[in-house]
Amino acid sequence: MFRGCRERGEPNRGASVRLQAPGFSGLAQPFSIATRHVKGVWLVRFLIAGNWKMNGSRPMLVELDRIAEAARTAPSVDVAIAPPFTLLADAAPRAGAVMLGGQDCHPAAQGAHTGAISAGMLVEMGARFVICGHSERRAEFGESDSLIQAKAAAAQAVGLIACVCVGEDEPERDAGQAIMVVAAELDGSVPPASTGANLVISYEPAWAIGTGRTPTCAEISEMHGMIRAKLIQLLGEEGAKVRILYGGSVTPDNAGSILACAEVNGALIGGASLTADKFGAIIRVAAEIAR
Ligand code: PEP
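Just so you know, these numbers come straight off a predicted model, no measurement behind them.

1. Details of the overall build of the protein chain
Logical step 1: Looking only at helices and strands, one finds 10 helices and 10 strands in the protein chain.
Logical step 2: Evaluated residue by residue, the protein chain yields a buried proportion of 56% over its 291 residues.
Logical step 3: Within the protein chain, contacts between residues separated by at least 24 positions form 74% of all contacts whose residues are at least 6 apart in sequence.

2. Re the sheet that holds strand β10 (residues 266-269)
Logical step 1: Read around the closed barrel, 8 strands run β3-β4-β5-β6-β7-β8-β9-β10, paired in parallel fashion. Each strand axis lies, on average, 25° off the axis of its neighbour in the sheet, ignoring direction.
Logical step 2: As defined by bridge partners, strand β8 (residues 199-203) adjoins strand β9 (residues 243-247) across 4 bridges and the pair is classed as parallel. Across the sheet, residue V200 finds its bridge partner in β9, namely R243.

3. Section: the site of the ligand
Logical step 1: Surveying the vicinity of the ligand reveals 13 residues, the closest of which are K53, H134, E204, G210 and S249.
Logical step 2: For the ligand, an oxygen atom lies 2.8 Å from a polar atom in the side chain of H134.
Logical step 3: Within the side chain of E204, a nitrogen or oxygen atom sits 2.8 Å from an oxygen atom of the ligand.
Logical step 4: Here the shell around the ligand is built from residues that sort into 4 nonpolar, 7 polar and 2 charged.

4. Regarding the state of the cysteines
Logical step 1: Under the defined criterion, the tally for this structure stands at 1 disulfide.
Logical step 2: A sulfur-sulfur distance of 2.1 Å marks the disulfide that ties C217 to C261. In this pair, C217 is assigned in helix α8 (residues 217-235) and C261 in the loop between α9 (255-259) and β10, connecting sequence segments 44 residues apart.
Logical step 3: Accessibility expressed as a relative area gives 37% for C217, which makes it partly exposed.
Logical step 4: For C261, a relative accessible area of 2% translates into the label buried.
Logical step 5: C132 forms no disulfide, and the closest cysteine sulfur to it belongs to C105, at a distance of 4.8 Å.

5. Points about helix α5 (residues 145-157)
Logical step 1: Between its terminal C-alpha atoms α5 stretches 18 Å, which fits the 18 Å expected from 13 residues at 1.5 Å a residue.
Logical step 2: The set of residues buried in α5 consists of I148, K151, A152, A154, A155 and Q156.
Logical step 3: Taken together, the buried residues of α5 touch α3 (119-124), β6 (129-132), α4 (135-141), β7 (161-166), α7 (178-189) and β8.
Logical step 4: Just past α5, the residue G159 takes up positive phi, approximately 90°.

6. Looking at the nonpolar core
Logical step 1: I48, I201 and I227 are the most contacted members of the largest nonpolar core, which has 71 residues in total.
Logical step 2: Not counting residues within four places of it along the chain, the set of residues in contact with I201 comprises V164, V166, L186, V190, I227, L231, V242, R243, I244 and L245.
Logical step 3: One finds L47, M99, F129 and C165 within the second-largest nonpolar core, a separate group that totals 13 residues.

Parameters and conventions
Residues numbered from 1 in each chain as written. Predicted model: local features only at pLDDT ≥ 70, side-chain atom pairs only at ≥ 80, totals over all residues. Heavy atoms only, no water. Helix = DSSP H or I, 4+ residues; strand = E, 2+ residues; numbered from the N terminus. Buried < 20%, exposed > 50% of the residue type's maximum accessible area, 1.4 Å probe, protein only. Contact = heavy atoms within 4.5 Å. Pairing = 2+ DSSP bridges. Axes fitted to C-alpha atoms, helices over the stretch in contact; angles between N-to-C directions. Near = heavy atom within 4 Å. Polar contact = N/O pair within 3.5 Å; in protein donor to acceptor, adjacent residues only side chain to side chain. Nonpolar A, V, L, I, M, F, W, Y, C, P; charged D, E, K, R; others polar. Disulfide = S-S within 2.5 Å. Expected span 1.5 Å × (residues − 1). Core = buried A, V, L, I, M, F, W, Y, C linked by side-chain atoms within 4.5 Å.

So this is what it looks like as structure tokens:
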């Protein structure tokens, strides 16, 4: 039987072994996803990913320099930042061990899509992953599951990791529909050819994003457990290797308790990724747990 990165009831530990992703030879630089199969359990490294959203101009890259330094001193943890598109080219030579990503991409490779960015364009700028279907894109831009699936498939086709976001809003949680909503989002937005090397899922309850509110560990683990089961249903054994991140008001203060929850393989972080003081502290918390 395949599980996440630990047996239930045991402390959560990311694996410290780095393996080469088998047969992963897309156009982007291979992501450092690493899995280890130990006694029927897939162990995966923590991924601590930051989403700068529509924040930052060139001077903010000094924060990236300091985040790169924090990542260098935490080699047991994978670290990623998705800056605005406009900073990718300047960020690339400064990123060091930090994997850079985009915050969105268009499903088409090129064409008459004013204002859009293709996955291949992200690769050209040095990106290795792209966030697909963030709750802000679902809510502000009306993105559907099928559009998100097409974006994620386009990203995977050029060797990018698709970080597909799922999560319920507050009325759905209050109505007891959270599990059903997230399961349906996974059914609709995970590309069928996904593997542990080209897909990351981020569970982000919309009511926890930027609000300072977080679900309990039991609520997070219940949802991540369902996501794991659904990924295995959709992708077979590969579904056991996909990293499942938690996102929603993660801070240096709560990162330890969130990362210790069952089936949590990392975090997607908005506000606290904007400064190296906070993001670096979260990287160090993850490294401590992974030790
Ligand atoms: C996000 O937008 O993905 C997010 C998790 O934001 P925050 O950490 O600010 O809640």
